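Structural characterization, general
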Amino acid sequence: MYIQSELTQQNISQLKTTLEKYLFFSDISIYDEIFLLKSLQRRMKFTNCFVIDEYFKLIEQNYEEAISFFDSLHICYSEFFRNPLTFAVLEHILLPELIQKMKNTNRKEIRIWSTACAAGQEAYSIAMLLEELKNANNKEIKYRIFATDISESQLQEAIKGEYPASALNNLNMKRAEQWFIKQGEIYSIKPELRKRINFSAFDLLNKQTNSPPVSIFGDFDLIICANLLFYYNYEFQKIILKKATNCLANGGYLVTGESERNILMNCNYHEAYPHSAIFQIN
Ligand SMILES: C[S@@+](CC[C@H](N)C(=O)[O-])C[C@H]1O[C@@H](n2cnc3c(N)ncnc32)[C@H](O)[C@@H]1O
């Protein structure tokens, strides 16, 4: 099936005008054009439209499709231990290093920010690693994990911490048993892990605030900003990265998604570990 695969400036302004007619609050100019094109192609395939003009006519006549297109720009997909290389480095190198650094420097606690946590899988994965390191060392390790997202509904899911069996695919049996309670078909995060994370709403594009107000002063050893930068165009990627940079502790680390490594390589960051999506400021 052939689907028109070029998005011109004229197409973008047409899409913007059409969407704004129905969804007065929408501003699609903040999104990356390739991301927009892919979203458009997915909806075109779904609605059997082969050329962009045909699809525009459809959304002009069909309010539901305009909403569906706009919703398709808000991807909330996440996984526990989503990027295996990143989580292996976190488990075996980076978190043990942060624990050691805390001891050597009298730093009071390890501070972590999961900036776009979706339904909590990323933040809970980090909490599992830290609790496991704590148990393995038989020592108290002080840490705080702040997890934020722009979506209130995702945050409610995260706080609930209930997942279907399929969400546990990346976990071995030991972890699944250690950190979840099975209730029928639902797996719930154990309360002792849930209480380790502070969830709150936060818009990374809000220019008024640098870090989640609940964290008070930022100063994070580790910030995870994964699988969200690719949504936005360069100008907005820069706003998000500036925010992260401003609240990283000295020598702190920034983690992105696999496919977002190039964005960081072209900014003021370098790979902390070869080929990983873990970066430090130059
Ligand atoms: C694809 S999910 C990624 C979740 C997780 N970080 C991961 O890598 O699996 C993207 C998340 O970014 C959130 N998001 C999008 N724009 C945001 C913004 N401006 N501020 C905060 N969160 C945002 C969405 O609500 C969504 O939950």
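Rules of the game
Along each chain, residues carry numbers from 1 onward, in the same order as the chain's sequence is written. In view of the model being predicted, local features appear only for residues whose pLDDT reaches at least 70, and side-chain atom pairs are presented and counted only at 80 or more, with totals across whole chains, interfaces and linings using the full set of residues. With hydrogens and water stripped out, all remaining heavy atoms of the structure feed into the side-chain values. A run of H or I in DSSP counts as a helix once it spans at least four residues, and a run of E counts as a strand once it spans at least two, with each numbered from the N terminus. This radius of gyration counts C-alpha atoms alone. The globule rule is 2.2 Å times how many residues there are, raised to the power 0.38. Under the scheme applied here, a residue whose accessible area is under 20% of the maximum for its type counts as buried, over 50% as exposed, and between as partly exposed, the area being computed with a 1.4 Å probe on protein chains only. When checking whether two residues touch, look at their non-hydrogen atoms; a contact exists if any pair is within 4.5 Å. Each accessible area is a Shrake-Rupley estimate made with a 1.4 Å probe; only the visible protein chains count as cover when residues are assessed. Residues scored as charged are limited to Lys and Arg (positive) and Asp and Glu (negative), so that His and the chain ends carry no count. Positions of charges follow a simple convention, taking NZ of Lys, CZ of Arg, CG of Asp or CD of Glu. DSSP bridges decide pairing: two strands pair if at least two such bridges lie between them. What counts as an axis is a line fitted to C-alpha atoms, over the stretch in contact for a helix, and the angles between N-to-C directions run from 0 to 180 degrees. By convention, a stacked pair of Phe, Tyr or Trp rings (six-membered ring in the case of Trp) has centres within 6.5 Å and planes under 30 degrees apart, an edge-to-face pair has planes over 60 apart, and any other such pair is tilted. Here, a charge over a ring is recorded when the distance from Lys NZ or Arg CZ to the ring centre is within 6 Å and its angle to the ring normal is within 35 degrees. Domain start and stop positions are those given by an automatic or database domain assignment. Note: buried area is the sum, over both parts, of the accessible area (probe 1.4 Å) each one loses when the two are combined. The near set for a molecule or strand comprises every residue that places at least one heavy atom within 4 Å of it. Polar contact is defined as a pair of N or O atoms within 3.5 Å, subject to the rule that within protein one atom must be able to donate a hydrogen and the other to accept it, and that residues adjacent in sequence are counted only when both atoms are side-chain atoms. In this classification, Asp, Glu, Lys and Arg are treated as charged, Ala, Val, Leu, Ile, Met, Phe, Trp, Tyr, Cys and Pro as nonpolar, and every other residue, Gly included, as polar. Each reported salt bridge corresponds to a side-chain nitrogen of Lys or Arg within 4 Å of a carboxyl oxygen of Asp or Glu.

**Observations regarding the overall build of the protein**
Broken down by element type, the protein carries 11 helices and 10 strands. Expected size for 282 residues packed as a compact globule is a radius of gyration near 19 Å; at 21 Å, the protein falls within 12% of this value. Within the protein, buried positions represent 50% of all 282 residues. Of the contacts formed within the protein by residues at least 6 apart in sequence, a portion of 71% connects residues at least 24 apart. As displayed, the protein has an accessible area near 14400 Å², and 52% of this comes from carbon and sulfur atoms. Where the 30 positive side-chain charges of the protein centre and where its 33 negative ones centre are 7 Å apart.

**Examining the sheet that holds strand β5 (residues 186-189)**
Judged by pairing direction, the sheet is antiparallel, and its three strands sit side by side in the order β3-β5-β4 without closing on themselves. The open sheet terminates on both sides in strands that have one partner only, identified here as β3 (162-164) and β4 (180-183). With strand direction ignored, the average angle separating the axes of adjacent strands in the sheet is 30 degrees. Across four bridges, β4 lies against β5 in antiparallel orientation. Across the sheet, Gln183 pairs through a bridge with Ile186, a residue of β5.

**Regarding the packing of aromatic side chains**
Taken as a whole and assessed by the stated rule, the structure comprises 16 aromatic pairs. Linked through ring pairs, Tyr31, Phe35, Phe230, Tyr231 and Tyr232 together constitute an aromatic cluster. Residue placement shows Arg196 over the ring face of Tyr143; its charged tip is 4.0 Å from the ring centre.

**Describing the domain arrangement of the protein**
Examined at the domain level, the protein breaks down into domain 1 (9-72) and domain 2 (84-281). Each of domain 1 and domain 2 has a C-alpha centre, and these two points are 32 Å apart. Counting residues at the interface gives five residues for domain 1, matched by six residues for domain 2. Summed over both sides, the interface between domain 1 and domain 2 buries roughly 510 Å², with carbon and sulfur atoms accounting for 64% of that surface.

**Structural notes on the site of the ligand**
Every one of the 20 residues lining the ligand counts as a neighbour, but Ser78, Arg82, Asp149, Asn227 and Tyr232 are closest to it. Here Ala226 contributes a backbone N or O atom positioned 2.9 Å from a nitrogen atom of the ligand. Protein chains bury 97% of the 600 Å² of accessible surface belonging to the ligand in isolation. For the shell around the ligand, a count of residues per class yields 13 nonpolar, three polar and four charged.

**A few points about the side chain of Lys243**
As for its position among the elements, Lys243 is in helix α10 (residues 234-246). We note that Lys243 is buried and unpaired, the nearest opposite charge coming from Asp203 at a distance of 7.0 Å. Aside from chain neighbours lying at most four places away, what touches Lys243 is Phe202, Asp203, Leu204, Asn206, Lys207, Thr209 and Asn210.

**Digging into the pattern of salt bridges**
A side chain of one charge can pair with a side chain of the opposite charge if their charged atoms are brought near each other. In the structure shown here, the tally under the stated rule is 10 salt bridges. The partner of Arg107 in a salt bridge is Asp219, and the shortest N-O contact between them spans 3.2 Å. Placement of Arg107 in the loop between α5 (84-105) and β1 (110-114) and of Asp219 in the loop between β6 (197-201) and β7 (220-224) is noted, with a sequence separation of 112 residues between them. On the basis of relative accessibility, which here comes to 23%, the residue Arg107 falls in the partly exposed class. Asp219 sits in the partly exposed class, given a relative accessible area of 27%. We note a salt bridge from Glu131 to Arg196, for which the minimum N-O separation is 3.4 Å.

**Observations concerning the sheet that holds β6**
With mixed pairing, seven strands are arranged side by side in an open sheet as β6-β2-β1-β7-β8-β10-β9. Two strands bound the open sheet, and with one partner strand each, they are β6 and β9 (269-271). Strand-to-strand twist in this sheet, taken as the mean axis angle between neighbours without regard to direction, amounts to 25 degrees. Running over the sheet, helix α6 (residues 121-137) touches β1, β2 (143-149), β6 and β7 and is turned about 170 degrees from β2. In this fold α10 packs onto β7, β8 (248-255), β9 and β10 (278-281), with an angle of close to 140 degrees to the strand it touches most, β8.

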